[in-house]
2 protein chains.
Amino acid sequence: MGAAKFIRGLVRRIDPKRLTVVVNTGDDESFYGLHVSPDIDTVTYTLAGVVNPAQGWGLIEETFCVLPALERFYGKPWFGLGDRDLATHLYRTDRMRQGARLTQITAEVARAFKIKSKILPMTDDSVRTFVKLRGLAALPFQEYFVRRRARGVVEKIELRGIEQARPTREVIDAIRNSAATILAPSNPFVSLGPILQLDGVRDAMSKAKSRVAAISPIVGGKTIKGPADKMLRGLGMEVSPLGVARLYRDIVGLFVIDNVDRKFIEPIERLGMRAIATDTIMTTPERAAELASAVLRALEV
Amino acid sequence: MGAAKFIRGLVRRIDPKRLTVVVNTGDDESFYGLHVSPDIDTVTYTLAGVVNPAQGWGLIEETFCVLPALERFYGKPWFGLGDRDLATHLYRTDRMRQGARLTQITAEVARAFKIKSKILPMTDDSVRTFVKLRGLAALPFQEYFVRRRARGVVEKIELRGIEQARPTREVIDAIRNSAATILAPSNPFVSLGPILQLDGVRDAMSKAKSRVAAISPIVGGKTIKGPADKMLRGLGMEVSPLGVARLYRDIVGLFVIDNVDRKFIEPIERLGMRAIATDTIMTTPERAAELASAVLRALEV
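Read on for a plain summary of the structure. What you see is a predicted model, and the numbers here were worked out from it, not measured in a lab. (Residues numbered from 1 in each chain as written. Chains lettered and ligands numbered in written order. Predicted model: local features only at pLDDT ≥ 70, side-chain atom pairs only at ≥ 80, totals over all residues. Heavy atoms only, no water.)

### Some points on the overall build of chain A
- Summing up its helical and strand segments, chain A has 13 helices and 13 strands in all.
- Computed over C-alpha atoms, the radius of gyration of chain A comes to 19 Å, within 12% of the 19 Å expected from 2.2 N^0.38 for 301 residues, which places it in the range of a compact globule.
- Structurally, chain A occupies a C-alpha span of about 60 × 45 × 40 Å along its principal axes.
- Within chain A, the proportion of its 301 residues that are buried is 57%.
- In chain A, the share of contacts with a sequence separation of at least 24, taken over all contacts with a separation of at least 6, comes to 64%.
- When the accessible surface of chain A is summed, it comes to about 13100 Å², and 49% of that surface belongs to carbon and sulfur atoms. (Helix = DSSP H or I, 4+ residues; strand = E, 2+ residues; numbered from the N terminus. Rg over C-alpha atoms; globule rule 2.2 N^0.38 Å. Buried < 20%, exposed > 50% of the residue type's maximum accessible area, 1.4 Å probe, protein only. Contact = heavy atoms within 4.5 Å. Areas by Shrake-Rupley, 256 points an atom, 1.4 Å probe, with all protein chains shown as cover.)

Here it is as structure tokens:
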């Protein structure tokens, strides 16, 4: 998750209390009757410093005792739920059944993990990302991403429930009132896409455009991790920073690309946004912090 | 749980397929949003041969990884939920949310554990046992039994929801159609009480009275385990097999007491039931099987 790496760098440069992270919930899924929010958890565990560093998701020092016991009832699992991670899902599900908003619950979980930043689900409503692969019916995101390991030619991304869903007041306020809004180097379709397609989000961003930056998830014609490149290709778009920048032309004032993609600065600027090139490969937290510094500097924060 | 020990003996003497166990659900409780049915699970794990033999409940070779992780959200736990046990609760809760009957779910869990006997919750409705202790408000059963370790003077047992609850058709059919019905040496108030107070159960038993036996949970003036003796005393009843037999006079044709309590045979028979004395202390599965044989023989099964 490029976003998690970037966030880890960002909190090395700014006071974590000043940071608000708006998180996609289109990847949420129900497993064993539990509400799992993979993106929220990754951000939470990252900010708490307890994310599994090898995986980039899940918890460090995790155990897997419950999962094999569930096999008796559900058959072979394909989604890895650790025991300590499960406690988070149990709490979230319990609170949701009590009628609490996901926004509230996410804040409670963050507090339990002693996180100083704000973590906001994009919406309290249900949005479910489905991926349509060539020759197959649309699959729920986790089935595509985890079970099928993101294999196959992506023909379409469906965000079910997106028309009825509303971004929370907290999300819109964060975009309106923050000194800067940064679109992390995340998948533009399945990570940022759901957030941006919520009614009012693009509008709020376009009004704050000069304070909105985006970091290209495409470097040298491909993604560092994840299927964003395959999706751009499958959906008939250019697999380059320019291809991504086009998706954000109405909402982004600054586009950040990697040094290897310098040649795209000019075409991107022709879209009506500034573009800068820097080192965007976040192999260490310090390099992620350098990237964060470069973006903040360019935004004059 | 005297019932579990007795069942373990019983299946050494009869084909497990012929056995139906009707189980109290008044002890059920919600923990972390999960529906826990302690008595059903104890019977299930016992019949599956995977019950923790030292405790008499829970699973053998259990791990406890999730529970400490829940502490972050819920504070210190007082009810021990093992990881493998948790899988059972997750499945039950998931299926209940899908609208399945507890009877159906219990059968599914039994099947998953390859159990040949039938395990029937007494009802699919909600009954919750509360225990009123001197000087305290009524406590949910698990708080009294586990958290307070059954300490205190019991003034009253409340079975909330018992009037509205209905025994299942399966339970009534089992009483009507079985060659014998045996009330295990269980607590007459909080284990057998809820079953017997369901509308229609006493009636079905009284009609089958000659085929109904009960085993005294009181031996030599006290219980082997559990608070039945304290409850009899607290509720102003005689702490003896006779005190228990009085509770069953309309529904039991045969009352089984321990050899040490022979002197109660005559007073019990004066209640209008047969009484026999035998060794009722089930220190080993084989001794439990001997007890089962004695009961079955006396019932001419």
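So much for the structure itself; the text now carries on.
### Points about the sheet that holds strand β8 (residues 181-183) of chain A
All names here are of chain A.
- Spatial strand order, β8-β9-β12-β13: four strands in an open sheet with parallel pairing. Two strands bound the open sheet, and with one partner strand each, they are β8 and β13 (274-278). Neighbour-to-neighbour, the strand axes of the sheet open up by a mean angle of 20°, direction not taken into account.
- Here strand β12 (residues 254-258) pairs with β13 via five bridges, running parallel. Paired with Asp-258 across the strands is Thr-278, a residue of β13. (Pairing = 2+ DSSP bridges. Axes fitted to C-alpha atoms, helices over the stretch in contact; angles between N-to-C directions.)

### Structural notes on empty space enclosed by the protein
- The tally for this structure, following the rule as stated, stands at three cavities of 30 Å³ or more.
- What the largest cavity holds in volume is close to 70 Å³.
- Considering the residues around the largest cavity, the lining is formed by 14 residues, among which Thr93(A), Arg97(A), Leu34(B), Thr93(B) and Arg97(B) are closest to the centre.
- Broken down by secondary-structure element, the contributors of at least two residues to the lining of the largest cavity are α4 (83-97) of chain A together with α4 (83-97) of chain B.
- Residues that form the lining of the largest cavity fall into these classes: six nonpolar, four polar and four charged. (1 Å grid on protein atoms, 1.4 Å probe; cavity = no way out; pocket = protein on both sides within 12 Å on 5 of 7 lines; lining within 4 Å. Points joined across faces, edges and corners; volume = space filled by probe spheres on them. Nonpolar A, V, L, I, M, F, W, Y, C, P; charged D, E, K, R; others polar.)

### Considering the relation of the copies chain A and chain B
- Each copy superposes on the other: chain A lies on chain B with an RMSD of 0.0 Å after a rotation of 180° and an axial shift of 0.0 Å. Here the copies are linked by what is in effect a two-fold axis. Within chain A, the C-alpha atom positioned nearest to the axis of rotation is that of Cys65(A), 3.6 Å from it.
- Most of the interface of chain A is mirrored in chain B, where 100% of its interface residues are also at the interface. (Least-squares fit on C-alpha atoms with pLDDT ≥ 70 in both.)

### A few points about the interface of chain A and chain B
- Contacts between the two partners involve 23 residues from chain A and, on the opposite side, 23 residues from chain B.
- Both sides together, the interface formed by chain A and chain B hides about 2200 Å², and carbon and sulfur atoms give 72% of it.
- Among the residues of chain A in contact with chain B, Arg72(A), Phe73(A) and Leu90(A) are the three that bury the most area, contributing 28% of the side total.
- Linking chain A with chain B are zero salt bridges.
- Applying the counting rule to chain A against chain B returns two residue pairs in polar contact (both at pLDDT 80 or more). (Buried area = accessible area lost by both parts, 1.4 Å probe. Salt bridge = Lys/Arg side-chain N within 4 Å of Asp/Glu carboxyl O. Polar contact = N/O pair within 3.5 Å; in protein donor to acceptor, adjacent residues only side chain to side chain.)

### Some thoughts on the side chain of Thr44(B)
Residue and element names in this part refer to chain B.
- Position of Thr-44 relative to the elements: it lies in helix α2 (residues 38-48).
- The exposure class assigned to Thr-44 is buried, which follows from its relative accessible area of 0%.
- In contact with Thr-44, not counting residues within four places along its chain, are Val-109, Phe-113, Ile-115 and Ile-119.

### Remarks on the environment of Ala275(A)
All names here are of chain A.
- The topology assignment puts Ala-275 in strand β13.
- Among the residues examined, Ala-275 registers a relative accessible area of 8% and is labelled buried.
- Linking Ala-275 and Phe-264, residues 11 residues apart in sequence, is a C-alpha distance of 8.6 Å.

### Here's the deal with the environment of Thr283(B)
All names here are of chain B.
- With respect to the helices and strands, Thr-283 occurs in the loop between β13 (274-278) and α13 (285-298).
- For the pair Thr-283 and Lys-5, spaced 278 residues apart in the sequence, the C-alpha separation amounts to 8.7 Å.
- Within polar-contact distance, the side chain of Thr-283 engages the side chain of Arg-287 at 3.0 Å.

### Considering unusual backbone geometry
- If you check the backbone angles, Ala150(A) has positive phi at about 60° while not being a glycine.
- Of note in this structure, Lys114(B) is not a glycine but carries a positive phi near 55°.
- Within the secondary structure layout, Lys114(B) lies in the loop between α5 (102-112) and β4 (118-121).
- Taking the relative accessible area as the measure of exposure, Lys114(B) reaches 72% and is therefore exposed.

### A short note on helix α1 (residues 2-10) of chain B
- All buried positions along α1(B) are accounted for by Ala3(B), Ala4(B), Phe6(B), Ile7(B), Gly9(B) and Leu10(B).
- Those residues of α1(B) that are buried are in contact with β1 (20-23), α2, β8 (181-183), β9 (212-215) and α13 of chain B.

### Some words on the packing of α4(A) against α4(B)
- Remark: α4(A) packs on α4(B), axes separated minimally by 13 Å, with the N-to-C direction vectors making an angle of 30°. Here α4(B) runs roughly parallel to α4(A), going by the angle between their axes. In the crossing of α4(A) with α4(B), the sense of the turn from one axis to the other is left-handed. Of the residues in α4(B), those in contact with Asp83(A), Leu86(A), Leu90(A) and Arg97(A) of α4(A) are Asp83(B), Leu86(B), Leu90(B) and Arg97(B).
- Of the residues in the contact of α4(A) with α4(B), the class split is four nonpolar, no polar and four charged. (Parallel < 35°, antiparallel > 145°, perpendicular 65-115°, else oblique. Left-handed = near helix turned anticlockwise from the far one by under 90°.)

### With respect to helix α13 (residues 285-298) of chain A
All names here are of chain A.
- In this model, α13 (14 residues) spans 20 Å end to end at C-alpha, consistent with the 20 Å of a helix rising 1.5 Å per residue.
- Along α13, the residues classified as buried are Ala-288, Ala-289, Leu-291, Ala-292, Ser-293, Ala-294, Val-295, Leu-296 and Ala-298.
- Buried positions along α13 lie against α1 (2-10), β8, β9 (212-215), β12 and β13.
- After α13 finishes, the residue Glu-300 shows a positive phi value of roughly 60°. (Expected span 1.5 Å × (residues − 1).)

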